[in-house]
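Commentary on secondary and tertiary structure
Below are the chains, spelled out letter by letter.
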Amino acid sequence: MARSTTVAIKRKRYSQIMICAVVLRYFLYFYAFISFIFWLLNCFEVDWLYLFNPVFRAPILFVRKILNYYPQGVGVDFSLAIIGCISVVLGFIANCISDAFQQKLYDIEEEEERIIAQRRERNRKVSSLQSKAPEIPYAAQKTTVQENPKLLFLISPQIKKIKRKKDDLELTLKEVQDWKLRINKKLLEQISYSKPIQKGYYRKNLFLLYENFDYVDDFVYYIKPTLATISAEFKKYGVSVNFCSVLSSISNISSTLEKELDIMDIILSLKFFDEIMLTQKFKINYDNKNIQQYILKFKGEYNLSKNLTISNRQPLYMLEEKNRKGDPTK
């Protein structure tokens, strides 16, 4: 908790510094611009310039005193031009400062995500140690098959740079988000034929909702090779792509969609790469299907509560093909 508080304080402080640097940058660039304009007008001896003397009096006196520059006679006075050059240099320095603190903010966001992931991983390990045999007494729960269930899919691309050299830099948080958007766009193009009734983003992760739960077998049949193709394609661009995905089901969109996506988002954070994870709701509805092309393998029992002090242990399953090598049901 103390570490999280320290990170939040840093983020606030860096944000304030960055905003001040950005404001100062624009002010200096604007001041440089008008300095050059007024210097040119002064060279042409425009009469009404004296009205703006107060704007430049202090900077001119400062520059002349520091540089010991006192133009005399009929020579051109370069004081305003010097002020313009100094303003440009200071504006560039302010720009560098704002960029540096912007990068620090990206690093802090990555650190915050890492802290959350570490907490969830620690909690997952504790739950795994406490879990019992696969035959968990969930049959006693009052969970029934949903009426007119809908199929819900949530997916998150996990991006890493393929390092060609030892000194290659890791992707920044912004670069990762940009790659995710490109991959999600590509995925939507590839599965446009499936025509979901609703699609969008939940906490930056893509979700798809289908009217009929029975579409699940066809959906899985096409989505698996599609994801493999996308991973291979983006590997050519120097990034490694692994997918974390979850399938579930809902009956009422307006009342349960966001709640179910919230649980599925926690499941994504467990980082089961290149496996399609399944919720208990999904299993109940899938077991009720007359024809099942896939098997549901028990993965373990996990705490899916955001509040780490509250236990919300639920079983998770993994989708496997029936003809997979080593499958006893083959």
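As shown above, the structure is provided for reference.
A few points on the structure. Here the residue numbers are simple positions, counted from 1 along each chain's written sequence. Per-residue local features are limited, in this predicted model, to residues with pLDDT of at least 70; the limit for side-chain atom pairs, both in listing and counting, is 80 or more; totals at the level of whole chains, interfaces and linings are taken over all residues. As a rule here, side-chain values come from all non-hydrogen atoms in the structure, and water together with hydrogens is ignored.

This brings us to the overall build of the protein chain. Strands are runs of DSSP state E lasting at least two residues, helices are runs of H or I lasting at least four, and both sets are numbered from the N terminus onward. Within the protein chain one finds seven helices and seven strands. Tracing the protein chain from N to C terminus, the helices and strands come up as α-α-α-β-α-β-β-α-β-α-β-α-β-β. Split into buried and exposed, the 330 residues of the protein chain put 39% on the buried side. Here the contacts in the protein chain between residues at least 6 apart in sequence split such that 72% fall between residues at least 24 apart. Computed by Shrake-Rupley with a 1.4 Å probe, the accessible areas treat only the displayed protein chains as cover when residues are assessed. Within the structure as shown, the protein chain displays about 20,400 Å² of accessible surface, and the carbon and sulfur contribution to it stands at 57%. Buried means the residue's accessible area, taken with a 1.4 Å probe over protein chains only, is under 20% of the maximum for its type, while exposed means over 50%, and partly exposed covers the values in between. We call two residues contacting when some pair of their heavy atoms lies within 4.5 Å.

Any two strands with at least two DSSP bridges between them are considered paired. Strand order in the open sheet formed by seven strands is 2-3-1-4-5-7-6, with mixed pairing between adjacent strands. Pairing within the sheet leaves two strands with one partner each, and these edge strands are strand 2 (198–202) and strand 6 (294–303). Going from strand to strand, the sheet's axes swing by 25° on average, the running direction of each strand aside. One ladder, built from four bridges, connects strand 4 (residues 239–250) with strand 5 (residues 275–278); its direction is parallel. The residue bridging valine 246 from the neighbouring strand is methionine 277, located in strand 5. Here an axis means a line fitted to C-alpha atoms, over the contact stretch when the element is a helix, while the angle between two N-to-C directions is reported on a 0 to 180 degree scale.

Of the positions making up helix 7 (residues 280–287), those classed as buried are Gln280, Phe282, Ile284, Asn285 and Tyr286. At its buried positions, helix 7 is contacted by strand 1 (150–161), helix 5 (216–235), strand 4, strand 5, strand 6 and strand 7 (313–321).

Checked against the element boundaries, asparagine 205 lands in strand 3 (residues 205–210). On the basis of relative accessible area, asparagine 205 is assigned to the buried category, the value being 7%. For this analysis, a polar contact is any N or O atom pair within 3.5 Å, provided that within protein one partner can donate a hydrogen and the other can accept it, and provided that sequence-adjacent residues contribute only side-chain to side-chain pairs. In this structure the side chain of asparagine 205 is engaged in a polar contact, spanning 3.0 Å, whose partner is the side chain of aspartate 265. Here asparagine 205 is in contact with Leu154, Ile155, Ser156, Gly200, Asp265 and Leu268, once residues within four sequence places are set aside.

Turning our attention to the pairing of strand 1. Counting buried residues along strand 1, ten of its twelve residues qualify, which places the element largely inside the surrounding structure. Relative to strand 4, strand 1 runs antiparallel, the two sharing twelve bridges. If you follow lysine 150 over to strand 4, its bridge partner there is isoleucine 250. The pairing of strand 1 with strand 3 spans five bridges and is classified as antiparallel. Counted as the bridge partner of isoleucine 155 is leucine 206 from strand 3.

Moving on to the nonpolar core. If you look at soluble globular proteins, the nonpolar side chains tend to sit buried side by side. With 33 residues, the main nonpolar core has Phe219, Leu247 and Phe282 as its most contacted residues. For this core, the element with the highest residue contribution is helix 5, accounting for seven residues. Non-local contacts of leucine 247, meaning those with residues more than four positions away in its chain, are made with Leu151, Leu152, Phe153, Val216, Phe219, Val220, Met264, Ile276, Met277, Leu278, Thr279 and Phe282. Definition of nonpolar core: a set of buried residues of the types Ala, Val, Leu, Ile, Met, Phe, Trp, Tyr and Cys, connected through side-chain atoms within 4.5 Å. Core analysis: the next-biggest nonpolar cluster, separate from the first, contains 22 residues, Tyr202, Leu257, Ile263 and Tyr302 among them.

What follows covers the packing of aromatic side chains. Classification of ring pairs uses Phe, Tyr and Trp, with its six-membered ring standing for Trp, and accepts pairs whose centres are within 6.5 Å; under 30 degrees between planes counts as stacked, over 60 as edge-to-face, and the remaining range as tilted. Tallied over the entire structure, the rule returns 15 aromatic pairs. Both rings, one in tyrosine 193 and one in tyrosine 222, keep their centres 5.6 Å apart while their planes meet at 65°; by these two values the pair is edge-to-face. With tyrosine 193 in the loop between helix 4 (173–190) and strand 2 and tyrosine 222 in helix 5, this residue pair connects regions lying 29 residues apart in the sequence. Tyrosine 222 gets classed as partly exposed once you look at its relative accessible area, which sits at 42%. Each member of the aromatic cluster is reached from another via a ring pair, and the members are Phe153, Tyr210, Tyr215 and Phe219.

To describe two helices that pack against each other, one gives the angle between their axes and the distance between the axes. Contact geometry of helix 4 with helix 5 gives a least axis separation of 11 Å together with a crossing angle of 140°. With respect to each other, helix 4 and helix 5 are oriented oblique. Crossing geometry of helix 4 relative to helix 5 is assigned as right-handed. Facing helix 4, whose interface residues are Trp179, Arg182, Ile183, Lys186, Leu187 and Gln190, helix 5 presents Ile223, Thr226, Leu227, Ile230, Glu233 and Phe234. Residues were grouped as follows: Ala, Val, Leu, Ile, Met, Phe, Trp, Tyr, Cys and Pro as nonpolar; Asp, Glu, Lys and Arg as charged; and all remaining residues, including Gly, as polar. The class makeup of the residues in the contact of helix 4 with helix 5 is seven nonpolar, two polar and three charged. An angle counts as roughly parallel when it lies under 35 degrees, as roughly antiparallel when it exceeds 145, as roughly perpendicular when it falls between 65 and 115, and as oblique in every other case. Left-handed describes a crossing whose near helix is turned anticlockwise from the far helix through less than a right angle; right-handed describes the clockwise counterpart.

Our focus in this paragraph is the pattern of salt bridges. One speaks of a salt bridge when a side-chain nitrogen belonging to Lys or Arg is within 4 Å of a carboxyl oxygen belonging to Asp or Glu. This structure, assessed with the given rule, holds twelve salt bridges. A salt bridge links aspartate 214 to lysine 289, with the shortest nitrogen-to-oxygen separation between them at 3.8 Å. Of this pair, aspartate 214 sits in the loop between strand 3 and helix 5 while lysine 289 sits in the loop between helix 7 and strand 6, placing them 75 residues apart in sequence. With a relative accessible area of 47%, aspartate 214 lands in the partly exposed category. Owing to a relative accessible area of 14%, lysine 289 belongs among the buried residues under this scheme. Taken together, the shared-partner salt bridges connect Arg203, Asp262 and Asp265 into one network.

We now examine the pairing of strand 3. Summarising burial for strand 3: six of the six residues are buried, a large majority. Neither face of strand 3 is exposed, since Asn205, Phe207 and Leu209 on one face and Leu206, Leu208 and Tyr210 on the opposite face are all buried. Where strand 2 lies against strand 3, five bridges are found, and the strand directions are antiparallel. Following the sheet pairing, glutamine 198 is matched in strand 3 by leucine 209. Counting the residues that bridge the hairpin from strand 2 to strand 3 gives two residues, and of these arginine 203 lies at a positive phi of roughly 50°.

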